[in-house]
Amino acid sequence: EAGVAQSPRYKIIEKRQSVAFWCNPISGHATLYWYQQILGQGPKLLIQFQNNGVVDDSQLPKDRFSAERLKGVDSTLKIQPAKLEDSAVYLCASSSRRMSYTGELFFGEGSRLTVL
Amino acid sequence: AQKVTQAQTEISVVEKEDVTLDCVYETRDTTYYLFWYKQPPSGELVFLIRRNSFDEQNEISGRYSWNFQKSTSSFNFTITASQVVDSAVYFCALGSTGFQKLVFGTGTRLLVSP
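Residues numbered from 1 in each chain as written. Chains lettered and ligands numbered in written order. Predicted model: local features only at pLDDT ≥ 70, side-chain atom pairs only at ≥ 80, totals over all residues. Heavy atoms only, no water.

Student: Explanation requested: the overall build of chain B in the structure shown.
Tutor: When helices and strands are tallied, chain B shows 0 helices and 12 strands. Counting from the amino terminus, chain B carries its helices and strands in the arrangement β-β-β-β-β-β-β-β-β-β-β-β. Seen along its three principal axes, the alpha-carbon backbone of chain B occupies a region of about 45 × 25 × 20 Å. By residue count, 45% of the 114 residues in chain B fall in the buried class. Sequence-distant contacts, at least 24 apart, represent 56% of the contacts inside chain B between residues at least 6 apart. Carbon and sulfur atoms make up 49% of the accessible area of chain B, which totals about 5,500 Å². Each charge class in chain B can be summarised by its mean position, and for the 10 positive and 12 negative side chains these summaries are 6 Å apart. (Helix = DSSP H or I, 4+ residues; strand = E, 2+ residues; numbered from the N terminus. Buried < 20%, exposed > 50% of the residue type's maximum accessible area, 1.4 Å probe, protein only. Contact = heavy atoms within 4.5 Å. Areas by Shrake-Rupley, 256 points an atom, 1.4 Å probe, with all protein chains shown as cover. Lys, Arg positive; Asp, Glu negative; His and termini not counted. Charge placed at Lys NZ, Arg CZ, Asp CG, Glu CD.)

Right, here's the structure in full:
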């Protein structure tokens, strides 16, 4: 079974530029999450989708971050304009509906963003 | 508010030593779930275990064991006879019922040297 796919793995941009990250969850997983992991910290939930609807985006900085999950499969996370403090690893995770109640998430390898 | 504290930033051991990773949590929920995830150098977090708040029975899985104590709000993780492949960052996390919103600790980096 293929795991959660993310791209790009690495991205370096200047502040005020924009960037987009892509995630393809495990086939059949209805729930998709984007987490932000700043160096030395634990992952922090940015947004959670159930199919193509948003369940929780309370910690998403909506003035610069946006995310979508068209057709309830792939998802894109965009940052525009980027700030220095956005340097982090952006982790995508997915789970089945049953697993979303138990907390067992399957994570991708992440997209590391460096903002200069 | 929910909070997870992993006071140990980094632990170094020699192969075959036993090591315990500490986790202390705070929550006002009466029903909650505790987790451990492993993050190897490749970056993806790997689920290790989940415990329910109403089940304090300790669990052993191979060289791994978990000690859940509600009285001290702790959920510690012990690796017996550590191996080099155990080197990773380990995260403790807390979640509540319904649609999960896991709160992670800051992680403990474990380095096992030969």
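Alright, that's what it looks like, and here's the rest.
Student: Is there a simple way to think about the nonpolar core in this case?
Tutor: Burial of nonpolar side chains together is a common tendency in soluble globular proteins. Residue and element names in this part refer to chain B. In this structure, Trp36, Phe75, Phe77, Tyr90 and Leu110 are the most contacted members of the largest nonpolar core, which totals 23 residues. Looking at this core element by element, the count peaks at 4 residues for strand S10 (residues 88–96). If sequence neighbours within four positions are ignored, phenylalanine 75 has contacts with Cys23, Leu34, Phe35, Trp36, Ile49, Arg51, Trp66, Asn67, Phe68 and Cys92. (Core = buried A, V, L, I, M, F, W, Y, C linked by side-chain atoms within 4.5 Å.)

Student: Explain the interface of chain A and chain B here, please?
Tutor: Quoted interface sizes are often the accessible area lost when the parts come together. In this complex, chain A contributes 26 residues to the contact, which on the side of chain B involves 19 residues. Summing both sides of the interface, chain A and chain B together bury roughly 1,800 Å²; the carbon and sulfur share of this comes to 55%. The interface formed by chain A and chain B includes 0 salt bridges. Along the contact surface separating chain A from chain B lie 2 residue pairs in polar contact (both at pLDDT 80 or more). (Buried area = accessible area lost by both parts, 1.4 Å probe. Salt bridge = Lys/Arg side-chain N within 4 Å of Asp/Glu carboxyl O. Polar contact = N/O pair within 3.5 Å; in protein donor to acceptor, adjacent residues only side chain to side chain.)

Student: Hey, could you run me through the sheet that holds strand S7 (residues 65–68) of chain A in this one?
Tutor: Hydrogen bonds between backbone groups are what pair the strands of a sheet, and the pairing can be parallel or antiparallel. All names here are of chain A. Pairing is antiparallel in the open sheet, where 4 strands are placed in the order S1-S3-S8-S7. The open sheet has two free edges, formed respectively by strand S1 (5–7) and S7, since each of these has just one partner strand. Here the average twist between neighbouring strands, direction ignored, is 15 degrees. For S1 and strand S3 (residues 19–24), the ladder comprises 3 bridges, and the chain directions are antiparallel. Across the sheet, glutamine 6 pairs through a bridge with cysteine 23, a residue of S3. (Pairing = 2+ DSSP bridges. Axes fitted to C-alpha atoms, helices over the stretch in contact; angles between N-to-C directions.)

Student: Sorry, what's going on with the packing of aromatic side chains here?
Tutor: Working definition: an aromatic ring pair is given by the centre-to-centre distance plus the angle between the planes. For the structure shown, the criterion picks out 17 aromatic pairs over all chains. An aromatic cluster is built from A:Tyr33, A:Tyr35, A:Phe107, B:Tyr37, B:Phe47, B:Phe91 and B:Phe104, whose rings are joined through pairwise contacts. (Phe/Tyr/Trp six-rings, centres within 6.5 Å; stacked < 30°, edge-to-face > 60°.)

Student: Explain the confidence of the model for chain A here, please?
Tutor: Detailed reading of predicted coordinates is not advised where the pLDDT is low. Taken as a whole, chain A shows an average pLDDT of 92; of its residues, 94% reach a score of 70 or greater. Taking the mean pLDDT of every element in chain A, the minimum, 64, falls on helix H1 (residues 97–102) of chain A and the maximum, 98, on strand S8 (residues 75–79) of chain A. (pLDDT = per-residue confidence, 0-100.)

Student: Which parts of the structure should I look at to understand the layout of surface pockets?
Tutor: If a probe the size of a water molecule is rolled over the atoms, the empty space left behind becomes visible. If you add up the space inside the largest pocket, you get close to 740 Å³. Taken together, the elements giving at least two residues each to the lining of the largest pocket come down to strand S9 (88–95) and strand S11 (111–115) of chain A together with S10 and strand S12 (108–113) of chain B. Broken down by class, the residue content of the lining of the largest pocket amounts to 14 nonpolar, 15 polar and 5 charged. (1 Å grid on protein atoms, 1.4 Å probe; cavity = no way out; pocket = protein on both sides within 12 Å on 5 of 7 lines; lining within 4 Å. Points joined across faces, edges and corners; volume = space filled by probe spheres on them. Nonpolar A, V, L, I, M, F, W, Y, C, P; charged D, E, K, R; others polar.)

Student: It is not clear to me how unusual backbone geometry should be interpreted in this structure. Could you clarify?
Tutor: A negative phi angle characterises most non-glycine residues, just as the trans form characterises most peptide bonds. Residues and elements named next belong to chain A. The peptide bond linking serine 7 to proline 8 adopts the cis configuration, its omega dihedral lying at -10 degrees. Each neighbour pair has its own omega, and for glutamine 80 with proline 81 the value is -5 degrees, a cis peptide bond. Mapped onto the secondary structure, proline 81 falls in the loop between S8 and S9. Although it is not a glycine, asparagine 51 adopts a positive phi angle of roughly 55 degrees.

Student: Got a minute to help me understand the state of the cysteines in this structure?
Tutor: Where two cysteines share a covalent bond between their sulfur atoms, that bond is called a disulfide. All names here are of chain A. Applying the stated criterion to the full structure yields 2 disulfides over all chains. Paired by a disulfide, cysteine 23 and cysteine 92 hold their sulfur atoms 1.9 Å apart. One quick way to see it: the torsion about the S-S bond of cysteine 23 and cysteine 92 is about -70 degrees, and its sign makes the bridge left-handed. Here cysteine 23, found in strand S3, pairs with cysteine 92, found in strand S9; they are 69 residues apart in sequence, far enough to count as distant. (Disulfide = S-S within 2.5 Å.)

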